[in-house]
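Coordinates in review
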Amino acid sequence: MNPEAATNDIAALSYEQAREELVAVVAQLEAGAATLEQSLALWERGEALAARCEAWLQGATARLDAARKDNGANSPE
């Protein structure tokens, strides 16, 4: 899989899917059975998965902040 296809693949994952795959990648790296090349590929995928999870969390935070702001603007004083 080329790097661009891998990135597109990750961009389509839900938060839960990305987190689950990230846990699996970490477990594979911790097992230490991969070759250097495989470990590098796993590391790169893990970094991309972690970035995807972070993006999901930042989006969720922004939505919550916007909802709180809207709720505060519409609440009677």
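Quick look at the structure, then.

In terms of helices and strands, the protein carries three helices and zero strands. A fraction of 75% describes how many contacts in the protein between residues 6 or more apart in sequence connect residues 24 or more apart. Summed over its atoms, the accessible surface of the protein is roughly 6000 Å², and 56% of this surface lies on carbon and sulfur atoms.

Right, let's talk about the nonpolar core for a bit. By size, the foremost hydrophobic cluster in this structure holds seven residues: Ile10, Leu13, Ala18, Val25, Leu42, Leu49 and Cys53. A total of three residues in this core trace back to one element, the largest contributor, which is helix α3 (residues 36-74). Here Ala18 is in contact with Leu13, Leu49, Arg52 and Cys53, once residues within four sequence places are set aside.

To continue, consider helix α2 (residues 15-31). Side chains of residues three or four places apart in an α-helix project in the same direction, reflecting 3.6 residues per turn. Its 17 residues give α2 an end-to-end C-alpha distance of 24 Å, which sits within 8% of 24 Å, the value for a rise of 1.5 Å per residue. The first or second residue beyond α2 is Gly32, which carries a positive phi of 75°.

Parameters and conventions
- Residues numbered from 1 in each chain as written.
- Predicted model: local features only at pLDDT ≥ 70, side-chain atom pairs only at ≥ 80, totals over all residues.
- Heavy atoms only, no water.
- Helix = DSSP H or I, 4+ residues; strand = E, 2+ residues; numbered from the N terminus.
- Contact = heavy atoms within 4.5 Å.
- Areas by Shrake-Rupley, 256 points an atom, 1.4 Å probe, with all protein chains shown as cover.
- Core = buried A, V, L, I, M, F, W, Y, C linked by side-chain atoms within 4.5 Å.
- Buried < 20%, exposed > 50% of the residue type's maximum accessible area, 1.4 Å probe, protein only.
- Expected span 1.5 Å × (residues − 1).

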